[in-house]
Amino acid sequence: AGMRFTVCGAIITAFCVLQKKEAFLGIKQVLVPILLMGFFAVVLHYGCMYLGLTMTAGAKTSILKQVGMLFYICFSAFVFPEDKLTLRKLIGTVLGILGIIVVNIDASGFHIGIGDWLIIASSFAMMISNVISKKTVAHVDPIVATGISQLFGGMILLCVGFASGGALTYTSAKTGVVFFYICAASIVSYCLWYSVVKKGALSDLFIIKFAETLFAAIFSAILLGEQIFHVSYLAAFLFICTGIWIAEKKPSKE
């Protein structure tokens, strides 16, 4: 994770230096919030998530990652007055919470392990980062903010990884291809996300982001061979998808 975001941040920042020099004007005024974005979005979010992934299935992880977003949707009006909490958003949030509860029920009852708590912590870290970014990208180019925050967060994770005895080994060309793809995906997705955050209401974006759960489950089955056809998983998908539909459905004009 550290190498991934160090490379991504370096590439994006270098691109901005070469192509968007004017975007760095006034960067000193928002440098601290940008570094905080990197600390929460990269260091805490991915640090907790990657540790949690060693203990929790990928499909289940994708569902638990929505917890922080659910709480934001409920309390967004306290952070951004213009981001009003509507009945539809509230219903969507409740259905999303039900989905998270359902996916953690097994034969022995409701159970959340250490890995699950780490995933939930990563979700809250990402939610805090998005709140900071919403206020920050209003005053700076979102691409510049993405590059600096990823470079800062990646370097911290890289140092922590090496200090903990970690090492980087590439055993085949396939490994390099996978790493290249992950970096490319991070560059494109985060630049797009922060650009959209600058213009859209976070509560609306987070509700749409619940679709991540469906994609993650599908690719967990295809790439990792995970069994996703559990009753609890299917019920959780149903709750979350219904919540998205209700929250995003515009009232009909009479």
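Note that this is a predicted model, so its numbers are computed, not measured.

Caption draft 1: Representation of the state of the cysteines within the structure. Under the criterion given, the structure shown has 0 disulfides. For Cys8, which is in no disulfide, the shortest distance to another cysteine sulfur is to Cys183 and amounts to 4.1 Å. Judged by its relative accessible area of 0%, Cys8 is buried.

Caption draft 2: Broad picture of helix H9 (residues 202-209). For H9, the buried fraction is high: 6 of the 8 residues fall into the buried class. When H9 is considered as a whole, its buried residues turn out to be Leu202, Ser203, Leu205, Phe206, Ile207 and Lys209.

Caption draft 3: Summary view of the packing of aromatic side chains. Following the criterion strictly, the structure yields 5 aromatic pairs and no others. Geometrically, the ring pair formed by Phe5 and Tyr46 is tilted, given 4.7 Å between the ring centres and 50° between the ring planes. Linking Phe5 in helix H1 (residues 2-19) with Tyr46 in helix H2 (residues 27-53), this pair joins segments that are 41 residues apart in sequence. Phe5 gets classed as buried once you look at its relative accessible area, which sits at 0%. Under the relative-accessibility criterion, Tyr46 is labelled buried at 7%. Plain terms: the ring middles of Phe39 and Phe40 are 5.6 Å apart, the flat faces sit at 85° to each other, and that makes the pair edge-to-face. We classify Phe40 as buried; its relative accessible area is 18%.

Caption draft 4: Highlighting the confidence of the model for the chain. For the chain, the mean per-residue pLDDT works out to 81, and 86% of the residues sit at or above 70. Predicted confidence in the chain is weakest over strand E2 (residues 109-110), with a mean pLDDT of 56, and strongest over helix H7 (residues 142-163), with 93.

Caption draft 5: Quick look at the packing of helix H6 (residues 114-136) against helix H8 (residues 173-199). Viewed as axis vectors pointing N to C, H6 and H8 meet at an angle of 60°, and their least axial separation amounts to 9 Å. One finds that H6 runs oblique with respect to H8. As H6 runs across H8, the sense of the crossing is right-handed. The residues of H8 that touch H6, namely those facing Met126, Ser129, Asn130, Ser133 and Lys134, are Tyr190, Trp193, Tyr194, Val197, Lys198 and Lys199.

Caption draft 6: Quick peek at the side chain of Ser133. On the secondary structure map, Ser133 appears in helix H6. A relative accessible area of 0% places Ser133 in the buried class. In terms of polar contacts, Ser133 uses its side chain to reach the backbone carbonyl oxygen of Asn130, at 2.8 Å.

Reading the values: the criteria
Residues numbered from 1 in each chain as written. Predicted model: local features only at pLDDT ≥ 70, side-chain atom pairs only at ≥ 80, totals over all residues. Heavy atoms only, no water. Disulfide = S-S within 2.5 Å. Buried < 20%, exposed > 50% of the residue type's maximum accessible area, 1.4 Å probe, protein only. Helix = DSSP H or I, 4+ residues; strand = E, 2+ residues; numbered from the N terminus. Phe/Tyr/Trp six-rings, centres within 6.5 Å; stacked < 30°, edge-to-face > 60°. pLDDT = per-residue confidence, 0-100. Axes fitted to C-alpha atoms, helices over the stretch in contact; angles between N-to-C directions. Parallel < 35°, antiparallel > 145°, perpendicular 65-115°, else oblique. Left-handed = near helix turned anticlockwise from the far one by under 90°. Contact = heavy atoms within 4.5 Å. Polar contact = N/O pair within 3.5 Å; in protein donor to acceptor, adjacent residues only side chain to side chain.

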